[in-house]
Amino acid sequence: MCAADLRTWPFMLNEYSPEHVSGPGADQDPSEITYLGCDCVSTSCRPDSCSCLQHHGELYDENLCLRDCERKETDFSRPVFECNVMCKCSEACKNRVVQRGLGYRLQMFKGGPKGWGLHTLEFIPKGRFVCQYAGEVIGLAEARRRLQSQKPGDMNYLIAVKEHIDGGKMIETFVDPAVVGNVGRFLNHSCQPNLFMVPVRVNSVVPKLALFAGRDILAGEELMYDYSGRYKNVTEKASVQETTDIDLVERKPCYCGAETCSGFLPFDISVMNSG
């Protein structure tokens, strides 16, 4: 097994970016400021006076852990809205977590059939933010084109995040870090993961895809999340298919080693079938 320090790993990408960048077909520019800010002048916002917390709720506790990680598996994850660049509160506000970036020492490693992976060099408490999954934000047509152009041996990093809103509507965000991305690209899948993904909005309507610890994670453990989004969330049965309706030749094997391993990596056929 070999390891790579995160200070030197960007050579593995054409372009490193800790945040999303706008790509072909994107409906919204992820760098565009779209939200109003609060007028709080205290060091940290309080729910009794902060317009952000009153409107969206107090989603982090006093230890900066996501409160939502305690919800039942049958519930949907709630979107998170942090204070933004228009807010008057300080950078130390407890409603500014994901926007601060990496807070733990992480290291890439390569070994076994999974290829590159990521593990933590220090203990991470349950509910704490770990890293983003950042890349090009693209449109549905471009996402479909990229998937259709992939060869059997190509790696697929594209992720489709679906958020259900009032009136039965759905917001879809497509992110591809294949060329432009950050450390989140090197997270492997597990059928029993220790991370889960939550859309977090700060300045833009385009969400940051934030990964939080689903349990206490010990130093040296590999960091993994469920590519299907089923861990600590509800998914549409028609979107993430098992072996039915998909040519088994196209399915990539899963090497997570979990007792509940499905044998194959999740594959969302809705991107291919929609439109």
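These numbers come from a predicted model, not from an experiment.

Caption draft 1: View of the nonpolar core. In this structure, Tyr133 and Leu223 are the most contacted members of the largest nonpolar core, which totals 25 residues. Elements with a minimum of two residues in this core: strand S5 (106-110), strand S7 (129-132), strand S9 (159-164), strand S12 (195-201) and strand S13 (208-213). Element by element, the count of residues in this core is highest for S13, at three residues. For Leu223, the contacting residues outside a window of four places in its chain are Leu106, Leu118, His119, Thr120, Ile124, Val130, Leu187, Asn188, Asn194, Leu195 and Ile217. Listed in part, the 14 residues of the second largest apolar core include Leu66, Val97, Phe129 and Phe196.

Caption draft 2: Spatial organisation of the layout of surface pockets. Reported here for the second largest pocket is a volume of approximately 240 Å³. Surrounding the second largest pocket, 16 residues form its lining, Asp27, Gln28, Ile171, Glu172 and Thr173 being those nearest its centre. For the lining of the second largest pocket, the secondary structure elements donating two or more residues are strand S8 (135-138) and strand S10 (170-181). Residue contributions to the lining of the second largest pocket peak at four residues, all from S10.

Caption draft 3: Here's a closer look at the packing of aromatic side chains. Considering all chains together, one arrives at six aromatic pairs under this definition. Ring centres of Tyr133 and Tyr225 lie 6.2 Å apart, and the angle between their planes is 65°; on these two criteria the pair is classed as edge-to-face. With Tyr133 in the loop between S7 and S8 and Tyr225 in strand S14 (residues 224-225), this pair connects stretches of sequence that are 92 residues apart. The same class applies to Tyr133 as to Tyr225, namely buried.

Caption draft 4: Main features of the pairing of strand S6 (residues 116-120). For S6, the tally of buried residues reaches four of five residues, placing the bulk of the element in the interior. Where S5 lies against S6, five bridges are found, and the strand directions are antiparallel. The partner of Leu106 across the bridge, within S6, is Thr120. Linking two consecutive strands that pair antiparallel, namely S5 and S6, is a turn of five residues; a positive phi of about 80° is found at Gly112 within it.

Caption draft 5: Representation of the environment of Gly139 within the structure. Tracing the backbone shows Gly139 in the loop between S8 and helix H2 (140-148). Residues Gly139 and Ser22, 117 residues apart in the sequence, show an inter-C-alpha distance of 9.8 Å.

Caption draft 6: Broad picture of the state of the cysteines. One pass over the full model with this rule turns up zero disulfides. Here Cys50 is not cross-linked by a disulfide; its sulfur's nearest cysteine counterpart is in Cys45, at 3.6 Å.

Caption draft 7: Structural detail: the pairing of S13. Along S13, six of the six residues are buried, which leaves the element largely enclosed by surrounding structure. The two faces of S13 match: Lys208, Ala210 and Phe212 on one face and Leu209, Leu211 and Ala213 on the other face are all buried. Relative to S13, S7 runs antiparallel, the two sharing three bridges. Bridging across to S13, Cys131 finds its partner in Leu211. In terms of strand pairing, S12 meets S13 through six bridges, oriented antiparallel. Counterpart to Val198 in the pairing with S13 is Ala210. Once S12 ends, the chain turns through six residues before running back antiparallel as S13.

Conventions we followed
- Residues numbered from 1 in each chain as written.
- Predicted model: local features only at pLDDT ≥ 70, side-chain atom pairs only at ≥ 80, totals over all residues.
- Heavy atoms only, no water.
- Core = buried A, V, L, I, M, F, W, Y, C linked by side-chain atoms within 4.5 Å.
- Buried < 20%, exposed > 50% of the residue type's maximum accessible area, 1.4 Å probe, protein only.
- Helix = DSSP H or I, 4+ residues; strand = E, 2+ residues; numbered from the N terminus.
- Contact = heavy atoms within 4.5 Å.
- 1 Å grid on protein atoms, 1.4 Å probe; cavity = no way out; pocket = protein on both sides within 12 Å on 5 of 7 lines; lining within 4 Å.
- Points joined across faces, edges and corners; volume = space filled by probe spheres on them.
- Phe/Tyr/Trp six-rings, centres within 6.5 Å; stacked < 30°, edge-to-face > 60°.
- Pairing = 2+ DSSP bridges.
- Disulfide = S-S within 2.5 Å.

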